[in-house]
Amino acid sequence: MDKYLNRLIWLICLAAVFYALFHFISTLADLVKILIISSLIAYILDPLAVSLESRGMSRTSATLVIFLSLFLVISAVLVVVLPALTDQIAAIQEGMTPEATAALVSRLDSFLTKKLAFLGVGELNLPEKLQKTIVNAGDWVFSHFLDVVGLLTHLVLIPFIVFFLLKDGRAMKKQFIRYVPNRYFEFSLNLLSKMDSQLGNFLRGQFIDALIVGTLSTFALWLLDVKYFMLIGIFTGLANLIPFLGPVAGVMLAVTVSVVDTGSFVAAWYILAAFAGIKLLDDGLIQPIVVARSVHMHPLLVLLVVIIGGKFFGILGMLLSVPATGFMKVALKESVLIFRRYRMA
Amino acid sequence: MSNIWTNIFKPRQTEEDTILAVLMRIPIFEGLDSKELRQIENILHQREYAKQETIFFQGEPGLGMYIIIQGDVDIISEPEKHQLAELHEGDFFGELSLLDESPRTASAVAKDPSRLLCLFQSDLNDLITRNPGLGVKILVQLARTIGARLRKTNDHVTELKKVYQA
């Protein structure tokens, strides 16, 4: 009985600690978000810095070269892609005049009522429901994306933090180790080193995978002449960071845009086939090559962490929740493994 | 007055110089120039141990090599607490751990308050990736050091065999 009581007390304490931790994190949400994004970018860029160092460059020069190259690449991409993206966003805005939207929604309403009548679907009242959703979405967009000061702070702070994490990350790790007591010195060094290599592989793999899937999706949607192909392609690539849910979200968005635009399901079948092909390619070829060691997670856990990430950090939280959980899972697994080896000694 | 000027112009031996002087005497770093030694120094962890404090226990995974810059260290075989060796300033131990993570074959205990430098296996691997030329030099020297110890062990085994057969 005592054993169960002890376990119960342990569980309650653990839950209290987690609650306090989440409360603390949500209080410092913005800062934590900036730090997480910066660390992820630094992790992804680290092999480039190491590769430049192996060619005789100092770490500082390597970091400067990477930043300069990134600036040039991003500028070039913006010059090439930005006009197309702006056109697509402008097209959405133009197409969203009140009259056009009302006509589109009424068309969709009658289309769905007619097609889904066999399921017992009656009056959908889509225009009324949409009106409510637009009001809510407007508030959400305003609070999340139109915070110009916040956005500028991020644009300045993130590269700044990434620069120093990339340049001085090794010295920071050494400094941190200095404060670890002698008894746990080797254990901590081992743990940090194992986590470093595992997480580096995992994060870089996820990033490259998202990039390839995003590019393939954009290309496929462009071939199928889907409206806003670039925006949907980028969204699909980013959503791919979330297993199970991400690819479905990408397909749903593409199919919805296509159905609303053409008013028929014909193109939707092609889109489904293209996305299924990309998914097969991703699972069978890209992931095994690129994602060196994927962190397997139960679909229910994925759903749960995505909801928690969204609750605390919004859209970005949803996207980063899975890599962040992967990070914690790897850290926990390595800690237990190394701890066992030390206990066996 | 002259004392002040002597003090000002006297080259000061910094902590870094002391470490470099110790590193130069370690066979594994033999033949490295001061720039290369500084790169090694950058990846070393400096630790301080109290009298009778255990540095590592027998059976724990071996992760790095230790260099004594100050103090004395006892190498002890467990569980009988038999002293295998007493090491002093400038000596090094645990160099096999730079190659694999096999368990430590003995415990190391600081005999006096000691200051040690630790070269960790993954830091060395990282250095080898960043500077392969330097990495090759260290690995060659490490192979020579381990080879010399193996020869010494072989000689001991041969002597013991002779004693056993006689």
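Being a predicted model, the structure only gives us computed values, none of them experimental.

Thresholds applied
Residues numbered from 1 in each chain as written. Chains lettered and ligands numbered in written order. Predicted model: local features only at pLDDT ≥ 70, side-chain atom pairs only at ≥ 80, totals over all residues. Pairing = 2+ DSSP bridges. Helix = DSSP H or I, 4+ residues; strand = E, 2+ residues; numbered from the N terminus. Axes fitted to C-alpha atoms, helices over the stretch in contact; angles between N-to-C directions. Core = buried A, V, L, I, M, F, W, Y, C linked by C-beta atoms within 7 Å. Buried ≥ 20, exposed ≤ 12 C-beta atoms within 10 Å, placed from the backbone. Contact = placed C-beta atoms within 7 Å. Nonpolar A, V, L, I, M, F, W, Y, C, P; charged D, E, K, R; others polar. Parallel < 35°, antiparallel > 145°, perpendicular 65-115°, else oblique. Expected span 1.5 Å × (residues − 1). Bend = angle between axes of the 7 residues up to and from the residue.

K.L.:
Just to check I follow, could you spell out the sheet that holds strand 5 (residues 82–87) of chain B for this structure?
P.N.:
Each strand in a sheet pairs with its neighbour through backbone hydrogen bonds, running either in the same direction (parallel) or in the opposite one (antiparallel). All names here are of chain B. Across the sheet, which stays open at both edges, the four strands sit in the order 2-7-4-5 with antiparallel pairing between neighbours. The two strands at the open ends of the sheet, each matched to only one other strand, are strand 2 (54–56) and strand 5. Between one strand and the next, the sheet's axes are offset by a mean angle of 30°, whatever the strand orientation. Where strand 4 (residues 73–77) lies against strand 7 (residues 107–110), four bridges are found, and the strand directions are antiparallel. Across the sheet, the residue bridging to Asp74 is Val109, located in strand 7.

K.L.:
What is the right way to look at the sheet that holds strand 3 (residues 64–70) of chain B in this model?
P.N.:
All names here are of chain B. The antiparallel open sheet is built from four strands, whose spatial order is 1-8-3-6. The open sheet has two free edges, formed respectively by strand 1 (45–49) and strand 6 (92–93), since each of these has just one partner strand. As defined by bridge partners, strand 1 adjoins strand 8 (residues 114–120) across five bridges and the pair is classed as antiparallel. Residue pairing in the sheet places Arg47 in a bridge with Leu116 of strand 8.

K.L.:
Explanation requested: the nonpolar core in the structure shown.
P.N.:
Here is a general trend for soluble globular proteins: nonpolar side chains tend to be buried in one another's company. Within the largest apolar cluster, 35 residues are counted, with the highest numbers of intra-cluster contacts made by Ile55, Tyr66, Ile67, Ala108, Leu116, Leu117 and Leu119 of chain B. A per-element tally of this core places strand 8 of chain B first, with five residues. Residues in contact with Tyr66 of chain B, not counting those within four places in the same chain, are Ile55, Phe92, Phe93, Gly94, Ala108, Leu116, Leu117 and Cys118 of chain B. Counting 26 residues, the second largest nonpolar core, distinct from the first, contains Ala220, Leu221, Val226 and Val251 of chain A.

K.L.:
Quick question: what am I supposed to make of the interface of chain A and chain B here?
P.N.:
How big an interface is tends to be stated in terms of accessible area lost as the parts join. Across the boundary between the two partners, chain A contributes 14 residues, which contact 18 residues of chain B. With six residues, the single largest contributor to the side of chain A that touches chain B is helix 7 (residues 182–223) of chain A. Of the residues contributing to the side of chain A that touches chain B, the split by class is six nonpolar, four polar and four charged.

K.L.:
Looking at this structure, how should I read unusual backbone geometry?
P.N.:
Leaving glycine aside, a negative phi is the common case for residues, and trans is the common case for peptide bonds. Following Glu78 of chain B, the chain continues into Pro79 of chain B via a peptide bond in cis, with omega recorded as 0°. By the element assignment, Pro79 of chain B lies in the loop between strand 4 and strand 5. Positive phi outside glycine occurs at Asp225 of chain A, with the angle close to 60°. On the secondary structure map, Asp225 of chain A appears in the loop between helix 7 and helix 8 (229–239). Asp225 of chain A sits in the exposed class, given 12 other C-beta atoms within 10 Å. One non-glycine residue, Gln52 of chain B, lies in positive phi territory at about 70°. Of note, Gln52 of chain B is situated in the loop between strand 1 and strand 2. The exposed category is assigned to Gln52 of chain B, around which 11 C-beta atoms lie within 10 Å.

K.L.:
In this structure, what is going on with the packing of helix 2 (residues 15–24) of chain B against helix 3 (residues 34–43) of chain B? I would like to understand it.
P.N.:
Two numbers describe a pair of packed helices, the interaxial angle and the distance between the axes. All names here are of chain B. Relative to each other, helix 2 and helix 3 sit at 105°, their axes nearing to 10 Å. Here helix 2 lies roughly perpendicular to helix 3, going by the angle between them. When helix 2 is examined against helix 3, the residues Glu16, Ile19, Leu20, Leu23 and Met24 are found in contact with a partner set consisting of Ser34, Leu37, Ile40 and Glu41. Residues that form the contact of helix 2 with helix 3 fall into these classes: six nonpolar, one polar and two charged.

K.L.:
Honestly, helix 2 (residues 29–53) of chain A in this entry has me stumped. Any pointers?
P.N.:
Residues separated by three or four positions in an α-helix point in the same direction, a consequence of the helix having 3.6 residues per turn. Residue and element names in this part refer to chain A. In this model, helix 2 (25 residues) spans 35 Å end to end at C-alpha, consistent with the 36 Å of a helix rising 1.5 Å per residue. Maximum bend of helix 2: about 40°, positioned at Leu45, with proline Pro47 one to four residues after it. Considered for burial, the residues of helix 2 that qualify are Ser38, Leu40, Ala42, Tyr43, Leu45, Ala49 and Leu52.

The values reported here are purely geometric and, on their own, carry no functional implication.
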